[in-house]
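Structural features, examined
Residue-level listing of the chains:
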Amino acid sequence: MALPACAAGALGPPLQPERGAPARTTCPRRHSRVEAELAASRPGSVAASVRAGPPRGVSRGFNSQPLLDEPLKAAASLAGAARAPLFALLLRGRRRRMHDLRRRWDLGSLCRALLTRGLAALGHSLKHVLGAIFSKIFGPLASVGNMDEKSNKLLLALVMLFLFAVIVLQYVCPGTECQLLRLQAFSSPLPDPYRSEDESSARFVPRYNFSRGDLLRKVDFDIKGDDLIVFLHIQKTGGTTFGRHLVRNIQLEQPCECRVGQKKCTCHRPGKRETWLFSRFSTGWSCGLHADWTELTSCVPAVVDGKRDARLRPSRNFHYITILRDPVSRYLSEWRHVQRGATWKASLHVCDGRPPTSEELPSCYTGDDWSGCPLKEFMDCPYNLANNRQVRMLSDLTLVGCYNLSVMPENQRNKVLLESAKSNLKHMAFFGLTEFQRKTQYLFEKTFNMNFISPFTQYNTTRASSVEINEELQKRIEGLNFLDMELYSYAKDLFLQRYQFMRQKEHQEARRKRQEQRKFLKGRFLQTHYQTQSQGQNPNPSQNPSQNPNLNASQSGTQNLFQNLIQNLTQSSGQNPNPKENQESQKQNPGQEQSDGNTSNGTHDYIGSVEKWR
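None of the values given here were measured: they were computed from a predicted structure. (Residues numbered from 1 in each chain as written. Predicted model: local features only at pLDDT ≥ 70, side-chain atom pairs only at ≥ 80, totals over all residues. Heavy atoms only, no water.)

Observations concerning the side chain of asparagine 387
By the element assignment, asparagine 387 lies in the loop between helix 14 (375–380) and helix 15 (389–394). The exposure class assigned to asparagine 387 is buried, which follows from its relative accessible area of 15%. Discounting chain neighbours no more than four positions away, the residues touching asparagine 387 are Tyr331, Cys381, Leu480 and Asn481. (Helix = DSSP H or I, 4+ residues; strand = E, 2+ residues; numbered from the N terminus. Buried < 20%, exposed > 50% of the residue type's maximum accessible area, 1.4 Å probe, protein only. Contact = heavy atoms within 4.5 Å.)

Encoded structure:
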């Protein structure tokens, strides 16, 4: 079909590309600018505007052909050719934005299509895999009827259940230390919870000889009465952790009330508005910050019963408890704490009714605190209270003139302080060691007959353990704390002996209870056996026993034997009656005692043979 004359005249001769210009391709986007420049070289030519194509950002399609190659389409586009100069009037920035918008739309569609197809392929593959597994497991069930739809629903339900279980497991057990994931608990037996925490042998060689009264510490603590537990808290011995156990981890009829955001808890006796615990987390520092033995013994009675008349004060029992720690570790931990800015300026150090003067107790630093001090400077101060702190806080300072060092020679003063600290520690109701947390818990429970809710945790990594010191520094620290070293050795020996004594006593008590149960079962068995024999020997109860004297004598002898046997068994098991009543009954029937002499001897021989056989 030929173009009209007016159209051909308007279009003019065909436009040929210049030499060296790129050839026209099927992509109108890439060469639309070149065509526009060629059309602009012939002003007034409508065909040049039409041949330039649409502006940038408007595409004809990837497979479009030039207008000159398709005369029919060129004739049909004459109406649009009249509007073509309008596109040329658009700003270049506007056309660029239109092109970028179209390109982004194509890229987003491509990404969405790829994502949809990928998810569909993944779901299809997962469905085939799970379907194969399901067919292997539930093959016989799937052969009954048309199970495709039901199997798909069941498979989906199993997958959803598995995902839900994984989510719940992440909430319940977020870390790797979860008890549910420790498979060793199913393969290996549970270890002894009271085994030595330092991985050493449970048995040790005692160095000190203690009496039974020193080892057996069992306090008749009546929480409903007037008794009071006083906790002597020595710095950096783990007393903060133990103090929290006392107010938050004990099974009580009326537990302590601890509110969020408050350090102190209310520990009242059942039915009374009176505390049974004097510690940092129950009454606060009522006698001063980290009050020692000298301060507490004179301060606690006045604080507890200060508002009452002396005649109306109840007779209380004050049970003192404390925690000790290895002196080197405690010293390094206190140094690190002082480095961070701790001063303990609120400590009163009251002794004999007055605090020490600045001459008696000089300060080791001049500023507000001693933060950032090196270890050498910390050890060089001769007035540092960290030296032998545990002995000083457990001894009675009134015996050596309090903090006045001129009262007696230094050697005599050290000896008096050490002996006083040992005596007070031995007569305390309870003391524990930081290095033996589980044994500390066990001895406290046995001493006060109070059980903890959760077991204590042994922390082997502390701030003191992170400090690396050589052998020379360790020897110097031990020299500065030589009194604490001797006290700790004494306390550790006493602590482990008490633990072993309580464990042996517990095992003996359990063995005695088992023996009593066995003896009681033997008595029941012999009683049943005698009743069956007596019923078999006397089938006719209406027969006169005087007609058969031999039978009567044998029955009476068997009855006496059985009574003596039951009496011996009940006496050994703790179920015998009052021995005075037995003596009176024997005095009333002396003839019967003589007649039963042979039978009682036979009974004792029988019991001895039974015990030997057992």
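Next comes the rest of the description.
Some thoughts on helix 12 (residues 293–304)
Between the first and last C-alpha of helix 12 there are 16 Å, a value that for 12 residues agrees with the 16 Å anticipated at 1.5 Å per step. Taken residue by residue, helix 12 has Trp293, Thr294, Glu295, Leu296, Cys299 and Val300 as its buried positions. (Expected span 1.5 Å × (residues − 1).)

What about the layout of surface pockets?
By volume, the largest pocket amounts to about 960 Å³. If you go around the largest pocket, you meet 38 residues; those closest to its centre are Thr237, Gly238, Arg325, Thr434 and Thr462. For the lining of the largest pocket, the secondary-structure elements that each account for two or more residues are helix 11 (239–248), helix 13 (327–339) and helix 17 (437–448). Of all the elements, helix 11 adds the most residues to the lining of the largest pocket, at 5 residues. (1 Å grid on protein atoms, 1.4 Å probe; cavity = no way out; pocket = protein on both sides within 12 Å on 5 of 7 lines; lining within 4 Å. Points joined across faces, edges and corners; volume = space filled by probe spheres on them.)

Focus: helix 13
An ideal rise of 1.5 Å per residue puts 18 Å on 13 residues; helix 13 measures up with 18 Å between its terminal C-alpha atoms. When we look at burial in helix 13, the residues that qualify are Pro327, Val328, Arg330, Tyr331, Leu332, Ser333, Glu334, Trp335 and Val338. Once helix 13 finishes, glycine 341 follows within two positions and takes phi at roughly 115 degrees, a positive value.

Describing the packing of aromatic side chains
Scanning the entire structure with this criterion turns up 20 aromatic pairs. Ring centres of phenylalanine 242 and phenylalanine 430 lie 6.1 Å apart, and the angle between their planes is 20 degrees; this geometry places the pair in the stacked category. Taken together, the residues span a long stretch of sequence, with phenylalanine 242 in helix 11 and phenylalanine 430 in strand 4 (residues 430–433) at a distance of 188 residues. A single burial state applies to phenylalanine 242 and to phenylalanine 430, both of which are buried. Between tyrosine 442 and tyrosine 499, the aromatic rings sit 5.6 Å apart at their centres with planes inclined by 75 degrees, giving edge-to-face as the arrangement. Here tyrosine 442 is found in helix 17, whereas its partner tyrosine 499 is found in helix 19 (residues 482–537), with 57 residues between them in sequence. Both residues of the pair, tyrosine 442 and tyrosine 499, count as buried. These aromatic residues form a ring-pair network of at least three members: Phe221, Phe231, Phe242, Trp276, Phe430, Phe444, Phe448, Phe452 and Phe456. A cation sits over an aromatic face here: arginine 389 above tryptophan 344, 5.6 Å from the ring centre. Positioned above the aromatic ring of tyrosine 499, the side-chain terminus of lysine 439 is 5.0 Å from the ring centre. (Phe/Tyr/Trp six-rings, centres within 6.5 Å; stacked < 30°, edge-to-face > 60°. Lys NZ or Arg CZ within 6 Å of the ring centre and 35° of its normal.)

Thoughts on the sheet that holds strand 1 (residues 228–232)
Taking strand neighbours across the sheet as the criterion, the 4 strands line up as 2-1-3-4 in an open arrangement whose pairing is parallel. Edge positions in the open sheet fall to strand 2 (277–278) and strand 4, since each of these has one partner strand only. Relative to strand 3 (residues 318–324), strand 1 is paired through 5 bridges, and the arrangement is parallel. By the bridge assignment for strand 3, leucine 232 is matched with threonine 322. (Pairing = 2+ DSSP bridges.)

Re the state of the cysteines
In protein structure, a disulfide is the covalent linkage between the sulfur atoms of two cysteines. What the rule picks out here adds up to 5 disulfides. Covalently, cysteine 258 is tied to cysteine 265 through a disulfide, its sulfur atoms 2.1 Å apart. Linking cysteine 258 and cysteine 265, the disulfide has an S-S dihedral of approximately 115 degrees and is accordingly described as right-handed. On the accessibility criterion, cysteine 258 (27% relative accessible area) is partly exposed. On the accessibility criterion, cysteine 265 (3% relative accessible area) is buried. What pairs with cysteine 364 in a disulfide is cysteine 381, and their sulfur atoms sit 1.8 Å apart. Taking the torsion about the S-S bond as the criterion, the cysteine 364 to cysteine 381 disulfide, at about -80 degrees, is left-handed. Here cysteine 364, found in the loop between helix 13 and helix 14, pairs with cysteine 381, found in the loop between helix 14 and helix 15; they are 17 residues apart in sequence, far enough to count as distant. (Disulfide = S-S within 2.5 Å.)

Examining the nonpolar core
With 72 residues, the main nonpolar core has Phe242, Trp276, Leu296, Ile321, Leu394, Phe444 and Phe448 as its most contacted residues. Looking at this core element by element, the count peaks at 11 residues for helix 19. In this structure tryptophan 276 touches Phe221, Ile223, Asp227, Leu228, Ile229, Leu246, Leu252, Cys256, Cys267, His268, Arg269 and Met450, once residues within four positions along its chain are discounted. Grouped together as the second largest cluster of nonpolar side chains are 17 residues, Trp335, Trp344, Trp370 and Phe378 included. (Core = buried A, V, L, I, M, F, W, Y, C linked by side-chain atoms within 4.5 Å.)

Let's talk about the side chain of threonine 434
Mapped onto the elements of the fold, threonine 434 is located in the loop between strand 4 and helix 17. Residues contacting threonine 434, with those up to four places away along its chain left out, are Thr237, Gly238, Ile323, Leu324, Arg325 and Gln458.

Concerning the pairing of strand 1
Here strand 1 lies mainly inside the structure; 5 of its 5 residues are buried. Alignment of strand 1 against strand 2, held across 2 bridges, turns out to be parallel. Counted as the bridge partner of valine 230 is phenylalanine 278 from strand 2. A crossover links strand 1 with its parallel partner strand 2, the connecting element being helix 11, and its sense is right-handed. (Right-handed = clockwise from strand over helix to strand, strands pointing away.)

A word on the environment of arginine 413
With respect to the secondary-structure elements, arginine 413 resides in helix 16 (residues 410–427). Separated by 12 residues in sequence, arginine 413 and glycine 401 place their C-alpha atoms 9.3 Å apart. Ignoring anything within four residues of it in the chain, the contact list for arginine 413 reads Val400, Cys402, Tyr403, Asn404, Leu405 and Met408.

Side note on the confidence of the model for the protein chain
Detailed reading of the predicted model is not advised wherever pLDDT is low. With 60% of its residues at a pLDDT of at least 70, the protein chain reaches an overall mean of 75. Long-range and interchain partners of residues 55–90, a stretch whose pLDDT sits below 50, account for 38 contacts in this model, where long-range means more than four residues apart. (pLDDT = per-residue confidence, 0-100.)

Describing the pattern of salt bridges
Within the structure shown, the criterion is met by 13 salt bridges. A salt bridge links glutamate 334 to arginine 389, with the shortest nitrogen-to-oxygen separation between them at 2.7 Å. Placement of glutamate 334 in helix 13 and of arginine 389 in helix 15 is noted, with a sequence separation of 55 residues between them. Taken as a pair, glutamate 334 and arginine 389 share a single burial class, namely buried. Arginine 512 serves as the salt-bridge partner of glutamate 509, at 2.5 Å between the closest nitrogen and oxygen. Here arginine 512 and glutamate 509 lie together in helix 19, a separation of 3 residues that amounts to about one turn. With a relative accessible area of 33%, glutamate 509 lands in the partly exposed category. (Salt bridge = Lys/Arg side-chain N within 4 Å of Asp/Glu carboxyl O.)

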